[in-house]
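For reference, the chains in residue letters:
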Amino acid sequence: MNSVSSKLNIRPLDSLPLLSWLLDWNYGAGLLMCGSGVEIRPDGWFEGVWGGSFDQWDFDQSSDVFGSGGKYSENQILLVSPSHPLESLFIMRWGNSILASNSLAFLPAYSSNSLKNDCFNYAELFLSALNGIKHVKFEIETDNGPVTVCSYFNIMIANDGKLSFLSKLQPPSPKGFNEYLDHLRHIIKVTVANAQSSRRKYRFDPLTTLSSGYDSPACAVLARGAGCTEGVTFRTSPTVEGSTQQNDSGMEIGRLLGLNVRECSRTLPVSGPSESVTQFYCDGGFGAELFWQSIATELPQKVLITGLSNTWTKRANPANAFERTDCAGLGLGEFRRNIGFTHVPIPYIMITRIAEIWRIGNSPEMQPWSLDVDYDRPIARRIVEEAGIPRQMFGQIKSGSSFRAWYPDHWPAWFREQFRQRRKQSRKTVGESVRYGFKLTRYQILRFSCERRFLKHLSKKMSIFGDGETFMLPVLRMLSLVLRTTLKPLGPPHYKIIIRMHPRYTFLLNWANADAAQRYTHITRSADRNEAGGFYESGTKSSERAHEGGALRDGAICQPGVVCADL
């Protein structure tokens, strides 16, 4: 045990996943349990890296945070979330306490709580974050009350338990491509230096991903400029429809950049415990990163640099930061914390300046690097071409960016059978069955109104009437258009949400958190509170756990920000 403050007792535990943590906070005093890879100082803790000096310990003042942590001062806690929307913090009230963690599975394991078996809104709630910055804070129901899910915003917990959500410090506004590129280079350089600081107990070396698309080659160029020499690429990727594989290797691009690149197969687990799959559904993930299991041995103690974002597309919404069209990256959290690597999606740097970034990408200055086609990302193309990579080697065909794990047909056969058996054994009440049926009907109606793939599937089913596929497809499309027009005034979810919001997700999310909770079940709330609100283990006085000589930092811990009352 290592206590760092008389009011905040921190216990690093080797038995926990390396980068996980949970805070139990009660009226100005608390206990934090964390994995051995979490960095600890007298005034707080942090897992991951940020765009600043590690020695300065100023992650709460950074606009570019790739991890999570907290700071203690004057009987209050500031929780710092990642500056990208691919991971969240989870907060719940539990008796007189506030529990907070970077793992959704850690909360129920610690508090004997659980997600609801009959709440079939989980998929729609987690997918709502795809709609942008106004949707990155929301609540989900559990058996013991709501859990707040929050990305991007920092969270101040006052002595009386009141929560305030604060904006991070804003990055400078770029005036043009060169200024934007210079800022990206600077942040990546200081982030890598932060990761390799000699003051760390757990260091990270840079590793970049590569493909034949746009974003990852551009990020590889930027990573190389920060001293990265290693890369990893998948040999193939799914087509946009997800039905076939096509060449997506970035091996040759990496060679031209002078990187040592390992080429891997995009394979799925052929067997194993269910958690090898379900961990990618934790924290509101949708299993899109399942194939990352095949490169797990490459990732420990790495700063994984990726291009997971839609920031650089000419079709980005300049009025809505964090809006995106897919859920790639949402399922990396539990896998990342357990393996022990940190994730730096470069396009999310300066994402709150999306209007300026969009203006740069669509400016006359960038026209020489624009192809004027649907798949067009001038900023990424210019970065790669100016690094000496020929135009025809990348960004030619749009590939599927992730595994289409919302279709059971794409699951590994052994996992599909386990899921079938689990569903069969689960006991459903009449009320639960009715709610599931209602949600499934709603899902199918919405799907019929907008998904071409679903219409093709239905037309093939009707081919028993002769040439039904050819005849019925135009009819189904017409009916779909009528239904879509009828539903429009009711404000249905966006297509990107509809295709993934099958109510079966509730079973997947519950299964995922039950599997992941096994990593935390040995951590129970064996600590009791004394009258002063401090914590002590059974038979141990709280004064014996107090850190001797540990001084708190002077001054406020909250960076300039605004309380987001509109969220």
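The written sequence of each chain sets the order in which its residues are numbered from 1. The predicted nature of this model means local features are confined to residues of pLDDT at least 70 and side-chain atom pairs, given and counted, to a pLDDT of 80 or more, with totals for whole chains, interfaces and linings taken over all residues. The basis for the side-chain values is all heavy atoms of the structure; hydrogens and waters are excluded.

Visitor: Which residues make up the packing of helix α10 (residues 413–425) against helix α15 (residues 505–517), and what values go with them?
Guide: Contact geometry of α10 with α15 gives a least axis separation of 12 Å together with a crossing angle of 100°. By the criterion of interaxial angle, the relationship of α10 to α15 is roughly perpendicular. Here α10 contributes Phe415, Gln418, Phe419, Arg422 and Arg423 to the contact with α15, which in turn contributes Phe507, Leu508, Trp511 and Ala514. Ten residue types, Ala, Val, Leu, Ile, Met, Phe, Trp, Tyr, Cys and Pro, are classed as nonpolar, four, Asp, Glu, Lys and Arg, as charged, and the remainder, Gly among them, as polar. Across the contact of α10 with α15, the residue classes tally to six nonpolar, one polar and two charged. The convention used is that axes are lines fitted to C-alpha atoms, helices contributing only their stretch in contact, and that angles between N-to-C directions extend from 0 to 180 degrees. Numbering goes from the N terminus for both helices and strands, where a helix is a DSSP run of H or I of at least four residues and a strand is a run of E of at least two. The cut-offs work like this: below 35 degrees is roughly parallel, past 145 is roughly antiparallel, 65 to 115 is roughly perpendicular, and the gaps in between are oblique. By definition, residues are in contact when any of their heavy atoms lie within 4.5 Å.

Visitor: Would you mind going over a positive patch on the surface in detail, with residue names and values included?
Guide: Patch construction takes residues with relative accessible area above 30% that form no salt bridge. Like charges are linked within 9 Å, and nonpolar side chains (Val, Leu, Ile, Met, Phe, Trp, Tyr) are linked within 5 Å. Residue burial considers only the protein chains on display, and all accessible areas are found by Shrake-Rupley using a 1.4 Å probe. Whenever a carboxyl oxygen of Asp or Glu lies within 4 Å of a side-chain nitrogen of Lys or Arg, that contact is scored as a salt bridge. Residues counted as positive are Lys and Arg, residues counted as negative are Asp and Glu, and His and the chain ends are not counted. For the purpose of locating charges, the reference atoms are NZ of Lys, CZ of Arg, CG of Asp and CD of Glu. Taken together, the side chains of Arg452, Lys456, Lys460, Arg477 and Arg484 define a basic patch exposed on the protein surface. Elements with a contribution of two residues or more to the positive patch: α12 (452–461) and α13 (468–487). Here Arg484 is to be found in helix α13. A 1.4 Å probe rolled over the protein chains alone gives each residue an accessible area, and that area as a share of the maximum for its type sets the label: buried under 20%, exposed over 50%, partly exposed in between. The partly exposed category is assigned to Arg484, whose relative accessible area is 37%.

Visitor: Could you give an account of the nonpolar core, naming the residues involved and the relevant values?
Guide: With 103 residues, the main nonpolar core has Leu23, Trp45 and Leu79 as its most contacted residues. When residues in this core are grouped by element, the largest group, eight residues, is from α15. Those residues in contact with Leu79, other than ones at most four positions away along the chain, are Trp21, Leu23, Trp45, Gly69, Gly70, Leu89, Ile91, Ala100, Asn154, Ile155 and Ile157. By nonpolar core is meant a set of buried Ala, Val, Leu, Ile, Met, Phe, Trp, Tyr and Cys residues that side-chain atoms within 4.5 Å join together. Ranked by size, the runner-up nonpolar core spans 44 residues in total, among them Phe66, Phe204, Ala218 and Ile349.

Visitor: I'd like a description of the packing of aromatic side chains, backed by residues and values.
Guide: When the centres of two rings from Phe, Tyr and Trp lie within 6.5 Å, Trp using its six-membered ring, the rings pair. Their planes under 30 degrees apart give stacked, over 60 give edge-to-face, and anything left gives tilted. One pass over the structure, following the stated rule, counts 30 aromatic pairs. For the pair Tyr214 and Phe394, a centre-to-centre distance of 6.1 Å together with 85° between the ring planes defines the contact as edge-to-face. Taken together, the residues Tyr214 in the loop between β14 (205–210) and α4 (215–225) and Phe394 in the loop between α9 (378–385) and α10 connect sequence positions 180 residues apart. With respect to burial, Tyr214 and Phe394 carry one shared label: buried. An aromatic cluster is defined as three or more aromatic residues linked by ring pairs; in this entry it consists of Phe46, Trp50, Phe54, Trp57 and Phe59. Both a distance and an angle decide whether a charge sits over a ring: NZ of Lys or CZ of Arg must be within 6 Å of the ring centre and within 35 degrees of the ring normal. Taking the ring centre of Phe291 as reference, the NZ or CZ of Arg266 above it sits at 4.1 Å. Lying across the ring of Tyr407, Arg453 places its NZ or CZ 4.5 Å from the centre.

Visitor: Describe a nonpolar patch on the surface, and please don't skip the residues or the numbers.
Guide: Nonpolar side chains collect at one region of the surface, where Met478, Leu479 and Val482 lie side by side and expose about 280 Å² of accessible area between them. Its location among the elements puts Leu479 in helix α13. Judged by its relative accessible area of 42%, Leu479 falls in the partly exposed class.

Visitor: Give a description of the sheet that holds strand β13 (residues 163–166) that names residues and reports values.
Guide: Whether two strands pair depends on DSSP finding at least two bridges between them. Within the open sheet, the six strands sit side by side as β4-β5-β6-β7-β12-β13. Their pairing is antiparallel. Looking along the sheet, the strands with just one partner apiece sit at the ends: β4 (39–41) and β13. Averaged over all adjacent pairs, the angle separating strand axes in this sheet is 20°, with direction ignored. One ladder, built from three bridges, connects β4 with strand β5 (residues 44–50); its direction is antiparallel. By the bridge assignment, Arg41 is partnered in β5 with Gly44.

Structural measurements only, silent on function.
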